[in-house]
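# Working through the structure, step by step
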Amino acid sequence: FFQKTLTAVKNWFTLFGWSKGQNPISIPYSLRRDVCKAQMTSSQEKDFKQNLGKDTKTVYDMLFHLSGQLLPGITSRQSLPLDPVERMLQLHWQHSTLLAFLKSQGAYLPHVMPEFLLEPDDYKEWIKEQTVLKVGDVKNPGICSNEHIFILEDTVFEKMSKRAWTDVLLQVYKVFVLPRVSSCNITDLSSSENMQNMPRIKSEPLSSNIYSPYERTILTWLNKNYEKNRKTVWKDCQKGEVPPMRWIVNFDRDLLDGLVLAAQLAAYCPYLIATHFVRMYTNPRTSEQFLHNCLILVNAMHAVSLAIDIKV
């Protein structure tokens, strides 16, 4: 389950997370690595900045593209010091700032520590420094630290880091992308004659402990287009009658047969009905029929250049 979630998150942010087109990412490797565009390098004469590539896109570029905001104290041209300890301390501060910024926007990340977002070598350096500080606290009782140190083995840290970065991206999507959904374009369902008997999906924040108001707005949109278009899309269907009315209340089981998503595409691209959707099974019962429908759906998406890397 987590691997499928990670793959979906990676694909979405690769395609839509960046300005000026796609930017392939790997979780957590490229996100941990691409944290600056320049690094301080030593020279016999003087210190100078080495550019790591003007095309290097950092997680901060992604956040600016999605939110329009820069993190406090962090610029797009942030550089890292050469000294391993100073580098680690600056990265830990940057990750702390990132998490604090996301939490201020409504993200839920109490389980993600800044050190989980570091590279493995930087994490080991952080553990070493924290251990020294703890020993210093014992010798100097006046200095008190309440922070708990999580000392993880290499394999455990990699799993934790992958989970932490996945959750960070999911929360970025939740607070910066989902709120763009607007209900102003969805007319009152009661005004549609064929929708009067359809149960309503409430948009109040506390009416669901699973879906946000924005997600429930999308469910309302799915219901509206499906009910409005099902008789038109499949009136001349080659593999069954017009599919029955249904109440779409989730994003997994109710979309499995491809019919609901096909109705959405048909609402905006009606020319796909005759070339694709009339060949769908309107009452699929076997896994082969489900696969057949989803093949047609993905082919229809490719036909209109909706290439978002969705596998059948």
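What this report covers is the structure whose coordinates are included nearby. (Residues numbered from 1 in each chain as written. Predicted model: local features only at pLDDT ≥ 70, side-chain atom pairs only at ≥ 80, totals over all residues. Heavy atoms only, no water.)

Position of Asn229 relative to the elements: it lies in helix H7 (residues 213–233). Using a relative accessible area of 13% as the deciding quantity, one classes Asn229 as buried. Leave out the neighbours within four places in its chain, and Asn229 touches Ala263 and Ala267. (Helix = DSSP H or I, 4+ residues; strand = E, 2+ residues; numbered from the N terminus. Buried < 20%, exposed > 50% of the residue type's maximum accessible area, 1.4 Å probe, protein only. Contact = heavy atoms within 4.5 Å.)

Attention shifts here to the pattern of salt bridges. This structure, assessed with the given rule, holds nine salt bridges. Residues Arg32 and Glu158 are paired through a salt bridge, measuring 3.3 Å at the closest nitrogen-oxygen approach. Note that Arg32 is positioned in helix H2 (residues 29–33) and Glu158 in helix H6 (residues 154–177), a separation of 126 residues in sequence. The residue Arg246 makes a salt bridge to Asp257 at a minimum N-O spacing of 2.7 Å. In this pair, Arg246 sits in the loop between H7 and helix H8 (259–268) while Asp257 sits in the loop between H7 and H8, placing the two residues eleven residues apart along the sequence. Residue Arg246 is classed as partly exposed on the basis of its relative accessible area of 22%. Owing to a relative accessible area of 9%, Asp257 belongs among the buried residues under this scheme. A cluster of three or more residues bridged by salt bridges with shared partners is formed by Arg32, Glu119 and Glu158. (Salt bridge = Lys/Arg side-chain N within 4 Å of Asp/Glu carboxyl O.)

Quick look at the packing of helix H1 (residues 2–16) against H6 now. Packing of H1 against H6 leaves a shortest axis separation of 10 Å and a crossing angle of 55°. Comparing their axes, H6 and H1 come out oblique. Here the hand of the crossing between H1 and H6 comes out left-handed. Together, Phe2, Thr5, Leu6, Val9, Trp12 and Phe13 of H1 and Lys162, Arg163, Thr166, Leu169, Leu170, Val172, Tyr173 and Val177 of H6 make up the contact between the two elements. (Axes fitted to C-alpha atoms, helices over the stretch in contact; angles between N-to-C directions. Parallel < 35°, antiparallel > 145°, perpendicular 65-115°, else oblique. Left-handed = near helix turned anticlockwise from the far one by under 90°.)

It is worth spelling out helix H3 (residues 59–67) at this point. Across the nine residues of H3, seven count as buried, placing the element largely inside the fold. Buried residues along H3 sit against H1, helix H4 (84–104) and H6. Two residues or fewer after H3 comes Gly68, characterised by a positive phi angle close to 75°.

The subject of this paragraph is the packing of H7 against H8. Two elements in contact, H7 and H8, have axes separated by 8 Å at closest approach and are oriented at 80°. Relative to H8, the element H7 is oriented roughly perpendicular. Every residue of H8 that contacts H7 at Trp221, Leu222, Asn225, Tyr226, Asn229 and Val233 is listed here: Leu259, Val260, Ala263, Gln264, Ala266, Ala267 and Tyr268. Considering only residue class, the contact of H7 with H8 consists of ten nonpolar, three polar and no charged. (Nonpolar A, V, L, I, M, F, W, Y, C, P; charged D, E, K, R; others polar.)

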